Structures are given as C-alpha cells and as structure tokens.
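# Report on the structure
One letter stands for each residue in the lines below.
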Amino acid sequence: MIPFEFIEDTFDKKNTSVYELSILLGMDSFVYMITDGQQQLQVLSQFPFRDQQHPYHSKHYPLEALEAYLNKHALLKARFRTVKLGIHSSLFTLIPERLYSEKDKKNLLIHLSETAALHEVRADQLGNLNSRLVYSLDRKLADLIKRHFSSARIFNMNSTMLLATHQLASQEREGYQFYLHVDGHYMRIFLFEGKNLLAATQNAYQAPQDLVYYVLLTFEQFRLSPADQPVFVCGSIHRDSDLYNQLYRYVQHIHYLKAPAFLQKGPQTKAIAEYQFFDLFSSLLLN
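Before going into details, it helps to say that this report is about the structure given with it.

To continue, consider the overall build of the chain. Per the secondary structure count, the chain includes 7 helices and 14 strands. Its C-alpha atoms give the chain a radius of gyration of 19 Å, within 12% of the compact-globule value 19 Å for 287 residues. Counting only C-alpha atoms, the chain reaches 55 × 45 × 40 Å along its principal axes. Residues counted as buried form 51% of the 287 residues belonging to the chain. Counting contacts in the chain only where the partners sit at least 6 residues apart, residues at least 24 apart contribute 62% of the total. Within the structure as shown, the chain displays about 14600 Å² of accessible surface, and the carbon and sulfur contribution to it stands at 47%. Of the charged side chains in the chain, 29 are positive and 29 negative; the average position of the first set lies 5 Å away from that of the second.

The first and last C-alpha atoms of helix 5 (residues 208-221) sit 20 Å apart over 14 residues, in line with the 20 Å expected at 1.5 Å per residue. For helix 5, the complete set of buried residues consists of Pro 208, Leu 211, Val 212, Val 215, Thr 218 and Phe 219. On an axial view of helix 5, the arc spanned by its buried residues comes to 125°, and they lie on one face. Exposed residues on helix 5 whose side chains face more than 90 degrees from its buried face are Glu 220 and Gln 221. On its buried face, helix 5 is in contact with strand 10 (176-182), strand 11 (186-193), strand 13 (231-235) and helix 6 (242-248). Arg 223 sits one or two positions beyond helix 5 and adopts a positive phi of about 55°.

Following the sequence through the fold, Gly 127 ends up in the loop between strand 7 (120-126) and strand 8 (131-137). Between the C-alpha atom of Gly 127 and that of Leu 66, which follows or precedes it by 61 residues, the distance is 32 Å.

Moving on to the pairing of strand 11. Taken across its 8 residues, strand 11 has 7 buried, putting it largely inside the fold. Count of turn residues in the strand 10/strand 11 antiparallel hairpin: 3 residues. As defined by bridge partners, strand 11 adjoins strand 12 (residues 196-204) across 8 bridges and the pair is classed as antiparallel. Opposite Phe 190, over in strand 12, you have Ala 200 as the bridge partner. Taking the residues that link successive antiparallel strands as the turn, the strand 11-strand 12 hairpin has 2 residues, and the phi of Gly 194 there is positive, at about 65°.

Okay, the environment of Asp 279 next. In this fold, Asp 279 is placed in helix 7 (residues 278-281). Residue classification places Asp 279 among the buried positions, given a relative accessible area of 11%. Spatially, the C-alpha atom of Asp 279 lies 6.1 Å from that of Met 161, the residues being 118 residues apart in sequence. Ignoring sequence-local partners within four residues, the contact set of Asp 279 consists of Leu 24, Thr 160, Met 161 and His 181. Within the structure, Asp 279 has its side chain in polar contact with the side chain of His 181 (distance 3.1 Å).

The subject of this paragraph is the sheet that holds strand 5 (residues 82-87). In spatial order, the strands read 1-4-3-2-5-9; together these 6 strands make up an open sheet with mixed pairing. Whereas interior strands pair on both sides, the edge strands pair on one side only; in this sheet they are strand 1 (4-7) and strand 9 (153-156). Geometrically, the sheet is characterised by an average inter-axis angle of 15° between neighbouring strands, direction not taken into account. The pairing of strand 5 with strand 9 spans 4 bridges and is classified as parallel. By the bridge assignment for strand 9, Ile 87 is matched with Asn 156.

Bringing the nonpolar core into the picture now. Membership of the largest hydrophobic core comes to 83 residues, with the highest contact counts inside it found for Phe 30, Tyr 32, Phe 149, Leu 180 and Val 215. A per-element tally of this core places helix 4 (residues 157-172) first, with 6 residues. With residues near it in sequence (within four places) discarded, Leu 180 still touches Met 187, Arg 188, Ile 189, Leu 211, Val 215, Val 231, Phe 232, Val 233, Cys 234, Ile 237 and Leu 247.

What follows concerns unusual backbone geometry. Of note, the phi angle at Asn 130 is positive, near 50°, even though the residue is not glycine. The residue Arg 223 is not glycine, and still its phi comes out positive at about 55°. For Arg 223, the position within the fold is in the loop between helix 5 and strand 13. By relative accessible area, Arg 223 is classed as exposed at 80%.

Basis of the calculations
- Residues numbered from 1 in each chain as written.
- Predicted model: local features only at pLDDT ≥ 70, side-chain atom pairs only at ≥ 80, totals over all residues.
- Heavy atoms only, no water.
- Helix = DSSP H or I, 4+ residues; strand = E, 2+ residues; numbered from the N terminus.
- Rg over C-alpha atoms; globule rule 2.2 N^0.38 Å.
- Buried < 20%, exposed > 50% of the residue type's maximum accessible area, 1.4 Å probe, protein only.
- Contact = heavy atoms within 4.5 Å.
- Areas by Shrake-Rupley, 256 points an atom, 1.4 Å probe, with all protein chains shown as cover.
- Lys, Arg positive; Asp, Glu negative; His and termini not counted.
- Charge placed at Lys NZ, Arg CZ, Asp CG, Glu CD.
- Expected span 1.5 Å × (residues − 1).
- Arc of directions from axis to C-beta.
- Pairing = 2+ DSSP bridges.
- Polar contact = N/O pair within 3.5 Å; in protein donor to acceptor, adjacent residues only side chain to side chain.
- Axes fitted to C-alpha atoms, helices over the stretch in contact; angles between N-to-C directions.
- Core = buried A, V, L, I, M, F, W, Y, C linked by side-chain atoms within 4.5 Å.

This is how it looks when you write it as structure tokens:
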C-alpha cells in the first residue's frame, strides 16, 4: 500500500469550516477525504500503517503509528462543518429494528465472543434496511478517537457498505446482486435478492485461495452459478492482482463498482480508481 495525498487547486485550508471530513480507519491504513458543500472532492489522502516498526496485527490497531500521524498532521486538527469516521470491527451482527434493545446490545455480541465484554459496544441504525448493525470498538482506539475527533460521527464500515450496496441492489429490483469488498486483510460479501438482504459476511483472509473459498461458499449456499452470476467488486482487488486472477478462474462476470454519481472529482483526483475507495465515498450517504 502506497501513501499519497491529492489536493485540488480549489481547496482552501483556511475555510475548512464549510467542508466535510470523512475518514475510514481500517486495520492497515488511515484514509480520508474532504468534500465541499457541492460534494466536490477536494482532498484525498492515504496513510498505511504497516511497516517494519508497526507490523500488521489481526486483532489490534497500530495505535502508536496512528497517534504519531495525527499529532503531526495539522490539517486534521482544523474545524470542519461535519466529521464522519468509519472504523473496522472484527465483531459485528445485524438485528431487525423491531428486535433491537439499546440496553441489551452488549449481550448480542457476548453471545458471539467473550471478548465483547472488554470493548465498547455501539450500534448503527440502517433505516432503509430496517435494522441495526451492532459492533465492538476497542476501548483504547475509542479513547484516541475522542481525543482527536471529539465531534465525529462514528460508524462501522459495514454500515455504509450495506447502505450503498442496498441502494444499488434496489435499482435492479429483481434477481441476485452479489457485492464483494476487499481490503488488505479482510473481505466482505453482501448478497441481495432484489432489495432484500440475504447475507452480510466478513472474513479474514491470507491468500487469494481463501477469498475464492468464501465467495464460492456463498455461491453454493444460495445455489448461484459462477458462470452466470455477476460479482461487483471494490477495494483492494486490482485487475492485475493475484486476487483478481484467482477469482476470475471461477467467476466469469466481474464488474468494478463506481463512486456514487453525486460525487464530483477535480483534475487531481479524476484519475483515481473509484472502486478502490468505494467504501470511503459511500460514507457521504450517511445523513
């Protein structure tokens, strides 16, 4: 993963109070964008955590690397109109809105993992899906977020991905819609039939074969045909990668997702592969 920062000539760092800051805090990188009132992309930046001093760990955020980055990055200390901050969580569940109880949300996760008792438990409301996404947040990470982004609206990455893919699936109205998001260490599958959600899964993977296994497992569970069923992909699954090549051996119809139509890009950011940051761009769907 390569660090980068694209800044449009129209960006005014003295006028951040009219901009919106959107952040995704993954397990292996810190990515953010700044958009204006017309949802024009002004800044897009990526900072990878993984290096020899701060190797990837499947269970813990590299807090020291993140803290050091935030302390020296003056732009992120500015006052923005709104701040949205999405996090990765290895533990989450979906529950219908009619069954959700705020006082019992921690118990929902304890049934899945005893470690949930050691974490802060949060819930995102998914209005269009009439459900809540309940997830864990590491307490040390929560403290760091509160120190640096006290006014941020915190959400789970899967929440925005569900809202975005549900919107796309609803436009098709019928048939199965299969969406795959991949980052450096995790893969997420969202399967719809028309606008109805059938599956939302998240799994760690180490090799391309792992990713293919989980995709084909979902195909088998819902009796989908790899020869006929399209798969819409986004994230870190590039056309010249082993991930893509392994998947293409079994799935014949792979399509890349584009950014939401309302997002406008400028000269500096227009060449960005939209599928790579579909999860970040989708955060604009949050009200």
